[in-house]
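# An overview of the molecular structure
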Amino acid sequence: PAQRRDQQADVVIVGAGILGINQLYRAVQAGYSVRLLEQAEGVGGTWYWNRYPGCRFDSESYTYGYLFSEELWQEWDWSEEFAPQPETERYLNYVVDKFDLRRHIRFGSKVNSAVWDEEASEWTTGTEDGFQIRSRYLIAATGVLSVPQYPDVPGREDFRGQTYHPVRWPKEPVDFRGKRVAVIGTGSTGVQIGPAIADEVESLVMYQRSATWATPLNNHPISAEQQAHLKANFAPIKAELDASVGGFLHKPAGKKWTDDTPEQRQEFFESVWNSPGFAKISANYDDLIFNKEANAGWCAFMADKIREIVKDPATAEKLIPTDHLYVGLRPPYVTGYYEMYNKPNVELVSLRETPIVKVTETGIETADGLREFDIIIWATGFDFGSGAMLRMGITGADGLRLADYWADGPLTYLGIMTRGFPNFFFPGGPHGAAGNNPRYGELQVCFVQDLIDYAGAHAHRRIEVPKEAEQAWMDMIAQLEAYSPFQKRGQYYGANTPGKPKVYLLNPGGRPKLDEFMAKAVASGYQGFFEGEK
Ligand code: NA7
C-alpha cells in the first residue's frame, strides 16, 4: 500500500471532556494548529458517556462550567443548581460550537499508541482505526473517571439478561417497566440510579459492599432572581472561586465543634444537612475532619437521620457506615436515596453479610440464595486516575513506557507532567485535584498553555519536568496524605481495581498548593525544564 503522509499539528489533545475542550479553546486562541482526538462520537467525556438515569452534578452547575468567557456566562442559563447530564452535555456542545472548536476534533478516535521521537522532538500519536498524527506537544485530557471498572465476580459473563455499566450507558433510553433490576455498588453513581428508577421497575435490589454517608443534594431550580444575581456578579463569583481551596463557593462555618453547646450542635448540623452538596464538608465545623469528636458527632447526627427516614430498622442499620467516619470514602449527594427503601419493591442486600457467590444465567447468588433479574447494572466505579493514560500505549524518551514508569503508581508534577516524557502533559490527571474538578483543571490547562507559549517564545523545542520538581510534588503528596480524610480504600487509593498499586491518587494540598508550585516555576523562568535539549 502507498505510504500515507502523516498528519501534522502543533498540539494533539486527547479527550473532548470538560478539560480537553478548555485546552483546545486555549490552544486555538493562542494560534496553534490543534487536533483533538476523541474516542466517542460526540463531545462531553464524562457527560457524554454517563447517560444513566439520575446522572447529574453534585458541584453547583455555575461553579462547574467555564469561566474563560463572560459572554458565555451571560448567554448560558443553567436550569438547576445541580444540572442533570443532558443539560451538561448540551452546554459542552454549545461551547464547542460557540467557539468554533468542532472542526479541530476527530471523533471515533481511540488512541492506542503515542511515541516520542527524540530526534525530531515530536510525538507520533496513533488511533485504533489507523489514523496517525505527529505533533510537537501531546496533551492527554483523558479524565480520572473514564475507564469502567468491573468486579472480579465468578460467572459475571454468564448472565443472559441485560447488563450495563453506567459509564457505557446506551443512547436509547432503557425501558425499566416491569423489570427486575439489580444495582451493584452504592457509590455516587449507584445511589443516583436507584431513586431514579425505583418507581418504574417491578423490583429493585441494591447490592451494597460499603455503606456511605449519602446526604441530601438539596437541589432546586434556579429562580429568575438567582439567575439575575449570577449574571450581575460574574467578576466577584470568578474571583471567589479563583481564591477558593476546593473550587466551591460554600462559606466556611468559621467555628469549631467546641464553640457550640450540644443543643447548638444539633441545630447547626440540621442546617448543614439542609445545605447544598459538598457544603456538608466545606461549610461544616472547621475542625470536622481532624477533630474525632466533631466527626463522630456529625456521623451520629446522620445515623439518626437514616433511622428516622428508613422505616425498616434492619435496613436502616445496614445503611449506616460502620466506620463512623466522614469522609472515609467519597461521599455521595443524593435526592430520595434513603427514602427509596420505604418502597415495597426495593430491597437492600449487604454484601458484607451475604457476599456474592456467583452470577448465574438468571440472576445473582449471594450467601443467602439466588435472586433473579432481567437487568444487572454494575455501578462498580472506575480504574481511577491513571486508568485511561495507561491504556494509551505511551512511550517516552529512551523507549521508556509510561506503564513501566508508573508500575508502582503515578509519579507526577502538579498532576500534569511526568519525567521521561518530554512535551507531554495531562491536565486533570492523578494528583491533580481534590474538589470541584474543573476549577483545578483550569489552573492546570492554563499552566500547560503558558509553558508551551514560553517555550515557543524562547525557541525551546523540548520541555521536561526536572527530577527535583517532580520529587518536590511527590513529597508534598506524601506529607499531606497523612492528613487525608480518605481511608486507604476505595477508588482514590486504586483499591477497587484488582492488581493496581494502592497509592493515593488525589492532590491533598488543594488549589493553594497548585498555585504555589506553579508560581514558583513561572517566577524561575521554568528553571530546569529545558535542560534536556541537545
Ligand atoms: P465508586 O465511588 O468507586 O463506587 C463504586 C461502588 O461499587 C462502591 O459502592 C463499591 O464498594 C462498589 N464495588 C466495587 N467493586 C465491588 C465489588 N467487587 N463487589 C461489590 N461492590 C463493589 O464509583 P461511582 O461510579 O459510584 O462514583 C465515581 C465518581 O462519580 C465519584 O468519585 C464522583 O466523582 C462522581 P466499596 O466502596 O469498594 O466497598
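Quick summary incoming for the structure in this document. (Residues numbered from 1 in each chain as written. Predicted model: local features only at pLDDT ≥ 70, side-chain atom pairs only at ≥ 80, totals over all residues. Heavy atoms only, no water.)

Every one of the 18 residues lining the ligand counts as a neighbour, but Pro151, Thr189, Arg209, Ser210 and Gln491 are closest to it. Within the side chain of Arg209, a nitrogen or oxygen atom sits 2.8 Å from an oxygen atom of the ligand. Separating an oxygen atom of the ligand from a side-chain N or O atom of Gln491 is a distance of 2.5 Å. By residue class, the composition of the shell around the ligand is seven nonpolar, nine polar and two charged. (Near = heavy atom within 4 Å. Polar contact = N/O pair within 3.5 Å; in protein donor to acceptor, adjacent residues only side chain to side chain. Nonpolar A, V, L, I, M, F, W, Y, C, P; charged D, E, K, R; others polar.)

This paragraph deals with the packing of helix H1 (residues 18-29) against helix H15 (residues 437-457). The N-to-C vectors of H1 and H15 enclose an angle of 35°; their axes lie 10 Å apart at closest approach. Crossing angle aside, the handedness with which H1 passes H15 is right-handed. Residues Ile18, Leu19, Asn22, Gln23, Arg26 and Ala27 of H1 form the contact with H15, whose own contacting residues are Pro438, Gly441, Glu442, Val445, Cys446, Val448 and Gln449. Across the contact of H1 with H15, the residue classes tally to seven nonpolar, four polar and two charged. (Axes fitted to C-alpha atoms, helices over the stretch in contact; angles between N-to-C directions. Helix = DSSP H or I, 4+ residues; strand = E, 2+ residues; numbered from the N terminus. Left-handed = near helix turned anticlockwise from the far one by under 90°. Contact = heavy atoms within 4.5 Å.)

Reading across the sheet, the three strands line up as S13-S14-S15 and stay open at both edges, with antiparallel pairing between neighbours. Lying at the two open borders of the sheet, with one neighbouring strand each, are strand S13 (356-359) and strand S15 (369-372). Across this sheet, the average inter-strand angle for adjacent strands is 20°, counted without regard to direction. When S13 meets strand S14 (residues 363-366), the two strands line up antiparallel, connected through three bridges. Note on S14: the bridge partner recorded for Val359 is Ile364. (Pairing = 2+ DSSP bridges.)

Attention shifts here to the pattern of salt bridges. Counted under the stated rule, the structure contains 36 salt bridges. The salt bridge partner of Glu270 is Lys305, with a shortest N-O separation of 3.0 Å. Of the two residues, Glu270 is situated in helix H9 (residues 262-273) and Lys305 in helix H11 (residues 292-309); the sequence distance between them amounts to 35 residues. Taken together, the shared-partner salt bridges connect Glu118, Arg419, Arg462 and Glu464 into one network. (Salt bridge = Lys/Arg side-chain N within 4 Å of Asp/Glu carboxyl O.)

So, about the sheet that holds strand S16 (residues 375-378). Strands belonging to one sheet form pairs held by backbone hydrogen bonds; the direction of such a pair is parallel or antiparallel. Pairing is parallel in the open sheet, where five strands are placed in the order S7-S16-S8-S9-S12. Of all the strands in the sheet, just strand S7 (162-164) and strand S12 (346-350) have a single pairing partner and so form its edges. In this sheet, adjacent strand axes meet at a mean angle of 15° when their direction is disregarded. Pairing of S7 with S16 involves three bridges; the strand directions are parallel. By the bridge assignment for S16, Tyr164 is matched with Ile377. Contacts from helix H6 (residues 190-197) reach strand S8 (180-184), strand S9 (203-208) and S16, with the element oriented near 165° to S9.

It is worth spelling out the packing of aromatic side chains at this point. Under the counting rule described, the total for this entry stands at 49 aromatic pairs. Measuring from ring centre to ring centre gives 6.0 Å for Phe447 and Tyr526, while their planes differ by 70°; the resulting arrangement is edge-to-face. Of this pair, Phe447 sits in helix H15 while Tyr526 is found in the segment after helix H17 (510-523), placing the two residues 79 residues apart along the sequence. Note on Phe447: relative accessible area 3%, which makes it buried. In this structure Tyr526 comes out as buried when scored by relative accessible area, which is 3%. The structure contains a cluster of three or more aromatic residues connected by ring pairs, namely Tyr25, Trp47, Phe57, Tyr64, Tyr66, Phe68, Trp76, Trp78, Tyr91, Tyr94 and Phe99. Across the ring face of Phe99, the terminal group of Lys98 is positioned such that the distance to the ring centre comes to 5.4 Å. One residue, Arg265, lies across the ring of Trp257, its end atom 3.8 Å from the ring centre. (Phe/Tyr/Trp six-rings, centres within 6.5 Å; stacked < 30°, edge-to-face > 60°. Buried < 20%, exposed > 50% of the residue type's maximum accessible area, 1.4 Å probe, protein only. Lys NZ or Arg CZ within 6 Å of the ring centre and 35° of its normal.)

Moving on: the nonpolar core. One finds Leu204, Tyr337, Tyr413, Phe425 and Phe529 to be the most contacted residues of the largest nonpolar core, which totals 129 residues. For Tyr337, the residues in contact, after removing those within four places along its chain, are Thr186, Val191, Pro195, Met206, Ala214 and Leu319. Counting residues in hydrophobic clusters, the runner-up holds 21 residues, among them Leu37, Trp123, Ile133 and Met389. (Core = buried A, V, L, I, M, F, W, Y, C linked by side-chain atoms within 4.5 Å.)

Looking now at the side chain of Glu442. Positionally, Glu442 belongs in helix H15. In contact with Glu442, other than residues within four places in its own chain, are Leu19, Asn22, Arg26, Leu67 and Phe68.

Before going further, it helps to spend a moment on empty space enclosed by the protein. Counting across every chain of the model gives three cavities of 30 Å³ or more. Along the walls of the largest cavity sit Tyr62, Gly65, Tyr66, Leu72, Trp73, Trp76, Trp78, Tyr91, Gln227, Leu230 and Lys231, which together make up its complete lining. Elements with a contribution of two residues or more to the lining of the largest cavity: helix H4 (70-75) and helix H7 (224-232). No other element matches H7, which puts three residues into the lining of the largest cavity. Looking at the lining of the largest cavity, its residues break down into eight nonpolar, two polar and one charged. Of the volumes computed, that of the second largest cavity is approximately 80 Å³. Taken together, 13 residues make up the lining of the second largest cavity; nearest its centre are Thr212, Trp213, Leu325, Gly328 and Leu329. Classifying every residue of the lining of the second largest cavity by side-chain character gives eight nonpolar, two polar and three charged. (1 Å grid on protein atoms, 1.4 Å probe; cavity = no way out; pocket = protein on both sides within 12 Å on 5 of 7 lines; lining within 4 Å. Points joined across faces, edges and corners; volume = space filled by probe spheres on them.)

Turning our eyes to something else, we now look at the layout of surface pockets. Looking at the second largest pocket, its volume works out to about 350 Å³. In terms of lining, the second largest pocket is formed by 18 residues, of which the most central are Pro466, Glu468, Ala469, Gln527 and Phe529. For the lining of the second largest pocket, the elements supplying multiple residues, two or more each, are helix H16 (467-481) and H17. In terms of residue count, the dominant contributor to the lining of the second largest pocket is H16 (four residues).

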